[in-house]
Amino acid sequence: MTHTTPDNFLGLDQQYSTLETSKVVVLPIPFEATVSYGGGTVNGPTAIIEASQQVEFYDREFDTEPAKNWGVHTLPSVEVNDQDPDSAMQSIAKAVESTARLGKLVCVLGGEHSVSGAVAQGLHAVHGDFVTVQIDAHADLRDQYEGSKHSHACAMHRILDVGAGDLLQLGIRSLDISEAHMIKTNPRITTFYSENVHDGLHLQALRDFVRGKQVYFTIDIDGLDVGLVPATGTPEPDGLTWREVLEITRILVQESAKVVAFDIMELAPIENLHSPNFVSAKLTYKVMSIIMAKQADLWQ
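Keep in mind the model is a prediction, meaning the values are calculated, not measured. (Residues numbered from 1 in each chain as written. Predicted model: local features only at pLDDT ≥ 70, side-chain atom pairs only at ≥ 80, totals over all residues. Heavy atoms only, no water.)

Engineer: In this structure, what is going on with the packing of aromatic side chains? I would like to understand it.
Structural biologist: Both the distance between ring centres and the angle between the ring planes are used here to describe each pair of aromatic rings. One pass over the structure, following the stated rule, counts one aromatic pair. Look at Phe130 and Tyr216: their rings are 6.1 Å apart centre to centre, the planes differ by 90°, and that puts the pair in the edge-to-face class. Of this pair, Phe130 sits in the loop between helix H4 (115-127) and strand S4 (131-135) while Tyr216 sits in strand S7 (residues 214-220), placing them 86 residues apart in sequence. On the basis of relative accessible area, Phe130 is assigned to the buried category, the value being 2%. (Phe/Tyr/Trp six-rings, centres within 6.5 Å; stacked < 30°, edge-to-face > 60°. Helix = DSSP H or I, 4+ residues; strand = E, 2+ residues; numbered from the N terminus. Buried < 20%, exposed > 50% of the residue type's maximum accessible area, 1.4 Å probe, protein only.)

Structure below.
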């Protein structure tokens, strides 16, 4: 008998992946319109979902198969017009809003990081105010880039425009002079560069920043060490380690009132190089598991 793996995140059987019984929904958004160096992020969501089907369900940290305890439903990809960024962002925001209204933890798989501005807009319509924690190599704070306000280089500026709350950046190591000025002068932004994170200088600030608040957690995969995930548009040296990323995740989950959503962005798969896809998929599952281990009761 031939076994066919279900075409969903983790390849879960139906009993663990129906919309009605799952507390987590995965929303793929394969949008790519403004990449400025290497392309391919449009293929990121599919690559993560395919690689996730090779990830073990069992997690030693929790001594269980977490996904089977709360269920994960994979929604169809959001289809948008990549030739019209304004329209695309409106469509993404509406899709995220309708998904968030399901009362489940939302996991967005991108796509270029510009998607996150629209994600924040959709989340704000449902959850009200929240703070944003960003792991990234790049500040993404430009008001516009190459003539577009919806560039991947503007993602965090667009999140601030939503007015949902403040921004904490972790692992930044590439930015232009206007972004450096904005970080120094805008009280809504707190930035810890990669060397600060390696030295542990961010830990208490992170605890204080998220304590008692709703959190949107956005992870650009280029925030990780390039040796872990070389398949991204603009890889930068001196990224965060696997353990540092998980430590950040545990802190924001332990201290926050609720993680309303998280995303994994900017994977640009390289043909015949499977490790970045697998690492991204395993990270998605691990972040999901850490959140749900403490906050599953908050979701339907």
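Past the structure itself, the notes keep going.
Engineer: Any chance you could explain the sheet that holds strand S1 (residues 24-29) here in plain terms?
Structural biologist: Strand pairing within a sheet occurs via backbone hydrogen bonds; the two strands may be parallel or antiparallel. The parallel open sheet is built from eight strands, whose spatial order is S2-S1-S3-S8-S7-S4-S5-S6. Since the sheet does not close on itself, it has two edges, and those belong to strand S2 (72-74) and strand S6 (189-193), each with one partner. Taken pair by pair, the neighbouring strands of this sheet meet at an average axis angle of 15°, ignoring direction. Strand contacts of helix H3 (residues 85-100): S1 and strand S3 (105-110), with the helix running at about 170° to S1, the strand carrying the most contacts. Across the sheet, helix H9 (residues 242-255) touches S4, strand S5 (167-172), S7 and strand S8 (258-265), and the angle it forms with S7 is around 170°. (Pairing = 2+ DSSP bridges. Axes fitted to C-alpha atoms, helices over the stretch in contact; angles between N-to-C directions. Contact = heavy atoms within 4.5 Å.)

Engineer: What exactly am I supposed to notice about H9 here?
Structural biologist: Residues three or four positions apart in an α-helix share a direction because the helix packs 3.6 residues into each turn. With 14 residues, H9 should reach 20 Å at 1.5 Å per residue; the first-to-last C-alpha distance of 20 Å fits that figure. Listing the buried residues of H9 in full gives Glu244, Val245, Leu246, Ile248, Thr249, Ile251, Leu252 and Val253. (Expected span 1.5 Å × (residues − 1).)

Engineer: Quick question: what am I supposed to make of the pairing of S5 here?
Structural biologist: Every regular strand shows the same layout, with side chains that alternate between the two sheet faces. Across the six residues that make up S5, a large majority, six, are buried. Alignment of S4 against S5, held across four bridges, turns out to be parallel. Counted as the bridge partner of Thr132 is Leu167 from S5. In the classification by handedness, the crossover that spans S4, the intervening helix H5 (residues 155-162) and the parallel S5 is right-handed. Two strands pair when backbone bridges link them, and S5 and S6 are joined in this way by five bridges, in the parallel orientation. (Right-handed = clockwise from strand over helix to strand, strands pointing away.)

Engineer: So what exactly am I meant to see when it comes to H3 here?
Structural biologist: Relative to the 22 Å expected for 16 residues at 1.5 Å per residue, H3 spans 22 Å between its end C-alpha atoms, a close match to the ideal helical length. For H3, the complete set of buried residues consists of Ala88, Met89, Ile92, Ala93, Ala95, Val96, Thr99 and Ala100. Buried residues in H3, looked at end-on, bunch into an arc of 165°, giving them a common side. Facing away from the buried side of H3 by over 90 degrees, the exposed positions are Gln90 and Lys94. Those residues of H3 that are buried lie in contact with S1, S3 and H4. (Arc of directions from axis to C-beta.)

Engineer: Is there a simple way to explain unusual backbone geometry in this structure?
Structural biologist: Glycine aside, the phi torsion of most residues is negative, and most peptide linkages are trans. With an omega of 20°, the peptide bond running from Gly110 to Gly111 counts as cis. When you line up the elements, Gly111 lands in the loop between S3 and H4. Of note, the phi angle at Asp238 is positive, near 70°, even though the residue is not glycine. Residue placement: Asp238 occurs in the loop between S7 and H9.

Engineer: What is the right way to look at the nonpolar core in this model?
Structural biologist: In summary, soluble globular proteins display a tendency toward joint burial of nonpolar side chains. Val72, Val133, Phe217, Leu252, Phe262, Leu283 and Met288 are the most contacted members of the largest nonpolar core, which has 56 residues in total. Formed by 37 residues, the second largest nonpolar core is a distinct cluster that contains Val115, Leu123, Phe130 and Ala155. (Core = buried A, V, L, I, M, F, W, Y, C linked by side-chain atoms within 4.5 Å.)

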